Amino acid sequence: MENPLHHFELHPLVHLSLMGFDISINEGVVAMWVALAVVFGLFMLVVKNGVRLIPGKLQSVLEMALEFVRDMVEEFIGKEEAPKYFPFIVTLFFFILACNLIGMIPGSYTITSQLVVTGTFAGFIFVMTLFIGFSKHGLKFLSILVPPGVPKVMIPVMIPIEFISMLARPISLAVRLFANMTAGHTILFVLFSLSMSASLMVGWMPFGFTVIINGLELAIAFIQAYIFTILTCVYIGDVIHLH
Amino acid sequence: MSESNNFRQGMGIAFRMGTEMTVATLLGGGMGYGVDYFFGTKPWGIVVGVVFGGAAGMLNVYRAAQAMTEEIEKADRDQNNSSSKDQDGKN
């Protein structure tokens, strides 16, 4: 049997290198481009047809999705600050969702199953929250390491704990998305190869499970995109409203 | 609609809590290991690191859970208010 992790491997399609760096185009890059094109295309389709007061089917779906994200941003970041961060967060949501859903098409590549990609997202968000925090509060931002109402004796203990919990946030953000997508697709692969290698008498059983897990994976594609964006909102909101 | 909403929220909570603790503990342990490696304080760095990491993980989970409880309580209150209003309307 094939290695269940085999389909996560990336193979360069076009070999390119820039100043000693390998920037070859592989399946993952193509999947990302497709995701971008799908999101851009869907929205452009609505804009091209004219944004109407009485929305058509596609327009109302996209409006609902946008409002859903806007409510989320307003809830965690606050109404005054929300318009500044909304474009970034909504882009993040649609891009991750598109990547996850494209991965559900058999034979395509799930780019969110690469720790490099999710790690880049999370790292960027982490640096961004630090930047926002320091530019908004100056050095007072460091007080985020000391929770309010802590007795003075506990402060030397609390600072390293808070420091670790701060650093753990982007890592858990990256690992969660990566691990969920990788695990789901590995399970799908194992179940499907079981049903392929068994006779039809037994093989229908893992095949049934493949179908069920496929449905679950579809839900997870949405849920993970949702969690990633909601946590981004929470983290940005935390540094804006210190405690 | 509300059933799928509950499902989505439940899945969200489950996925959020699970990684939070693991990652913080591993990160604390890793930092402790790094301290050991560079300062030659084996094994105390990793011991203290895992404890602090575990505490940080607990803190993260506790905060997330607290935020969620507040959210649920708020939703419950809203629901109660709207249902009592409905009853008023009927009466």
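Please refer to the structure higher up on the page.
Summary of the structure given here. (Residues numbered from 1 in each chain as written. Chains lettered and ligands numbered in written order. Predicted model: local features only at pLDDT ≥ 70, side-chain atom pairs only at ≥ 80, totals over all residues. Heavy atoms only, no water.)

1. Structural notes on the overall build of chain A
Cut-off, in case you're wondering: Under the scheme used here, helices are H or I runs from DSSP no shorter than 4 residues and strands are E runs no shorter than 2 residues, and both carry numbers assigned from the N terminus. Exposed residues in this analysis have more than 50% of their type's maximum accessible area, buried residues have under 20%, and partly exposed residues fall in between, with area computed by a 1.4 Å probe over protein chains only. Contact criterion: two residues are considered in contact whenever any of their non-hydrogen atoms come within 4.5 Å of each other. The Shrake-Rupley method, run with a 1.4 Å probe, gives the accessible areas here. Residue values count only the displayed protein chains as cover.
Helix and strand content of chain A: six helices and four strands. Along chain A, helices (α) and strands (β) appear in the sequence β-β-β-β-α-α-α-α-α-α when read from the amino end. Counting only C-alpha atoms, chain A reaches 70 × 50 × 45 Å along its principal axes. By residue count, 43% of the 243 residues in chain A fall in the buried class. In chain A, of all internal contacts separated by at least 6 residues, the share reaching a separation of at least 24 is 67%. As displayed, chain A has an accessible area near 13400 Å², and 76% of this comes from carbon and sulfur atoms.

2. Considering the interface of chain A and chain B
Selection rule: One speaks of a salt bridge when a side-chain nitrogen belonging to Lys or Arg is within 4 Å of a carboxyl oxygen belonging to Asp or Glu. Pairing of N or O atoms within 3.5 Å defines a polar contact, subject to two protein rules: one partner must be a possible hydrogen donor and the other a possible acceptor, and residues neighboring in sequence count only if both atoms are side-chain atoms. Side-chain classes are defined by residue name, with Ala, Val, Leu, Ile, Met, Phe, Trp, Tyr, Cys and Pro counting as nonpolar, Asp, Glu, Lys and Arg as charged, and the others, Gly among them, as polar.
Contacts between the two partners involve 30 residues from chain A and, on the opposite side, 21 residues from chain B. Across the chain A-chain B interface, the total number found is one salt bridge. On the surface where chain A and chain B come into contact, there are four residue pairs in polar contact (both at pLDDT 80 or more). Mapped by element, the contributors of at least two residues to the side of chain A that touches chain B are helix 2 (57–77), helix 5 (155–197) and helix 6 (200–240) of chain A. In terms of residue count, the dominant contributor to the side of chain A that touches chain B is helix 5 of chain A (16 residues). Looking at the side of chain A that touches chain B, its residues break down into 22 nonpolar, four polar and four charged.

3. So, the packing of helix 2 of chain A against helix 3 (residues 82–103) of chain A
Residue and element names in this part refer to chain A. Rules: Interaxial angles span 0 to 180 degrees and are taken between N-to-C directions of axes, which are lines fitted to C-alpha atoms, for helices over the stretch in contact. Oblique is the label for any angle not under 35 degrees, not over 145, and not in the 65 to 115 range, which are roughly parallel, roughly antiparallel and roughly perpendicular in turn. By convention, the crossing between two helices is left-handed when the near helix turns anticlockwise from the far helix through less than a right angle, and right-handed when the turn is clockwise.
Contact geometry of helix 2 with helix 3 gives a least axis separation of 9 Å together with a crossing angle of 130°. Accordingly, the angle class assigned to the pair helix 2 and helix 3 is oblique. As for the relative orientation of helix 2 and helix 3, their crossing is right-handed in sense. In this structure, helix 2 uses Ala 65, Leu 66, Val 69, Arg 70, Val 73, Glu 74 and Ile 77 to contact helix 3, whose residues at the interface are Ala 82, Tyr 85, Phe 86, Ile 89, Val 90, Phe 93 and Phe 94. Taken together, the residues that form the contact of helix 2 with helix 3 break down as twelve nonpolar, no polar and two charged.

4. A word on the packing of helix 1 (residues 27–49) of chain A against helix 2 of chain A
Residues and elements named next belong to chain A. It is the contact of helix 1 with helix 2, at a shortest axis distance of 10 Å, that shows an interaxial angle of 120°. Accordingly, the angle class assigned to the pair helix 1 and helix 2 is oblique. For helix 1 against helix 2, the interelement crossing comes out left-handed. Counting all contacts with helix 1, which are made through Leu 42, Phe 43, Leu 45 and Val 46, the residues of helix 2 involved are Leu 58, Gln 59, Leu 62 and Leu 66. The residue makeup of the contact of helix 1 with helix 2, split by class, is seven nonpolar, one polar and no charged.

5. Regarding the nonpolar core
Residues and elements named next belong to chain A. Quick reminder of the rule: Buried Ala, Val, Leu, Ile, Met, Phe, Trp, Tyr and Cys residues that are joined via side-chain atoms within 4.5 Å together make up what is termed a nonpolar core.
Ranked by internal contacts, the top residues of the largest apolar core, which has 55 residues, are Ile 89, Phe 228 and Ile 236. Elements with a minimum of two residues in this core: helix 1, helix 2, helix 3, helix 4 (115–137), helix 5 and helix 6. With 14 residues, the single largest contributor to this core is helix 6. Excluding residues within four positions of it along the chain, Phe 228 makes contact with Leu 92, Ile 96, Phe 121, Ala 122, Ile 125, Leu 173 and Leu 177.

6. As for helix 4 of chain A
Residues and elements named next belong to chain A. Applicable threshold: Expected span of a helix, by definition, is 1.5 Å for each gap between consecutive residues, and there is one gap fewer than residues.
Under the 1.5 Å per step criterion, the end-to-end length of helix 4 is 32 Å for 23 residues, consistent within 8% with the ideal 33 Å. Of all the residues in helix 4, the buried ones are Val 117, Thr 118, Phe 121, Ala 122, Ile 125, Phe 126, Met 128, Thr 129, Ile 132 and Gly 133. The secondary structure elements touched by the buried residues of helix 4 are helix 1, helix 3, helix 5 and helix 6. Positive backbone phi, at 65°, marks Gly 138, one or two positions downstream of helix 4.

7. Quick word on the packing of aromatic side chains
Residues and elements named next belong to chain A. Stated formally: Only the six-membered ring of Trp is used, alongside the rings of Phe and Tyr, when aromatic pairs are assigned; centres must lie within 6.5 Å, and planes under 30 degrees apart are stacked while those over 60 apart are edge-to-face, with the rest tilted.
Counting across every chain of the model gives ten aromatic pairs over all chains. Between Phe 43 and Phe 94, the aromatic rings sit 5.1 Å apart at their centres with planes inclined by 85°, giving edge-to-face as the arrangement. Taken together, the residues span a long stretch of sequence, with Phe 43 in helix 1 and Phe 94 in helix 3 at a distance of 51 residues. An angle of 55° between the planes, with centres 6.5 Å apart, marks the rings of Phe 68 and Phe 93 as tilted. Here the residue Phe 68 occupies a position in helix 2, and Phe 93 occupies one in helix 3, the gap between them amounting to 25 residues. For Phe 68, a relative accessible area of 31% gives the class partly exposed.

8. A look at the pattern of salt bridges
Applying the stated criterion to the full structure yields five salt bridges over all chains. Notably, a salt bridge pairs Glu81(A) with Lys84(A), separated by 3.2 Å at the nearest N-O pair. For Glu81(A), a relative accessible area of 15% puts it in the buried group. We note a salt bridge from Arg63(B) to Glu162(A), for which the minimum N-O separation is 2.6 Å. One end of the pair, Arg63(B), is in helix 2 (residues 44–90); the other, Glu162(A), is in helix 5, on a second chain.

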